[in-house]
Amino acid sequence: MARVTGGRHLFAAFGYSLGGAGRLLRETAFRHEIVAGVVIFSVFSAVGAGLRDYVMMLILLLGLAAAEALNTAIEEIIDRISPEWSSTGMHAKNLGSFAVFCLLAANGLLAAFVIVSRLLSS
């Protein structure tokens, strides 16, 4: 395969990213996270959250999507190279899952902080 450079490289990279997004959309957990994001933004609208709140939430949601993508990649690689059970594979999957959990917690904490602070200030 010939190396792609210049503007064609940007288009190729964008295509790879879209392919990754398409693959991630097949993950139930990611679809749940999208729904949760829509709900959070709807509640933000209802409580009168500011632009800064929306931007911070969007940044955390993008971080969550990135962690979910990496976790899915880890799971796919482990399942491919080690279909039988192994403690190393289990540790890799558990660590990926923990990374997603940490970002879920960060998203939940920020959402709760914004919503509660807006409700208390009104």
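Let me begin by describing the structure that accompanies this report. (Residues numbered from 1 in each chain as written. Predicted model: local features only at pLDDT ≥ 70, side-chain atom pairs only at ≥ 80, totals over all residues. Heavy atoms only, no water.)

1. Remarks on the packing of helix α3 (residues 51-81) against helix α4 (residues 87-121)
Heads up, the condition is: Fitting a line to C-alpha atoms yields each axis, with helices limited to the stretch in contact; the angle taken between N-to-C directions then spans 0 to 180 degrees. A run of DSSP states H or I qualifies as a helix once it reaches four residues; a run of E qualifies as a strand once it reaches two. Both are numbered from the N-terminal end. Roughly parallel means an angle under 35 degrees; roughly antiparallel, over 145; roughly perpendicular, 65 to 115; everything else is oblique. For any helix crossing, the convention is left-handed if the near helix is rotated counterclockwise from the far helix by under a right angle, and right-handed if that rotation is clockwise. Residues are grouped as follows: nonpolar covers Ala, Val, Leu, Ile, Met, Phe, Trp, Tyr, Cys and Pro; charged covers Asp, Glu, Lys and Arg; every other residue, Gly included, is treated as polar.
Where α3 meets α4, the axes come as close as 9 Å, and the angle between the chain directions of the two elements is 165°. The orientation of α3 with respect to α4, classified from their angle, is roughly antiparallel. With respect to the hand of their crossing, α3 and α4 are arranged in left-handed fashion. Across the contact of α3 with α4, the residue classes break down as 17 nonpolar, six polar and six charged.

2. Describing the environment of Ile34
Operational definition: Throughout this description, buried means an accessible area under 20% of the type-specific maximum (1.4 Å probe, protein chains only), exposed means over 50%, and partly exposed covers the range between.
Mapped onto the secondary structure, Ile34 falls in helix α2 (residues 28-47). What makes Ile34 partly exposed here is its relative accessible area of 37%. Considered as a pair, Ile34 and Leu61 are 27 residues apart in the sequence and their alpha carbons are 8.6 Å apart.

3. Brief notes about the pattern of salt bridges
The following threshold applies: Basic side-chain nitrogens of Lys or Arg form a salt bridge, by our definition, when they fall within 4 Å of a carboxyl oxygen of Asp or Glu.
Counted according to the given criterion, the structure contains four salt bridges. Between Arg23 and Glu27 there is a salt bridge, and its shortest N-O distance comes to 2.9 Å. In this structure Arg23 comes out as partly exposed when scored by relative accessible area, which is 21%. Of the charged contacts, one joins Asp79 and Lys93 as a salt bridge, the two residues approaching to 2.6 Å between their closest N and O atoms. Of this pair, Asp79 sits in helix α3 while Lys93 sits in helix α4, and the two are 14 residues apart along the sequence. Judged by its relative accessible area of 26%, Lys93 falls in the partly exposed class. Among the ionic contacts, a cluster of salt bridges with common partners joins Arg23, Glu27 and Glu76.

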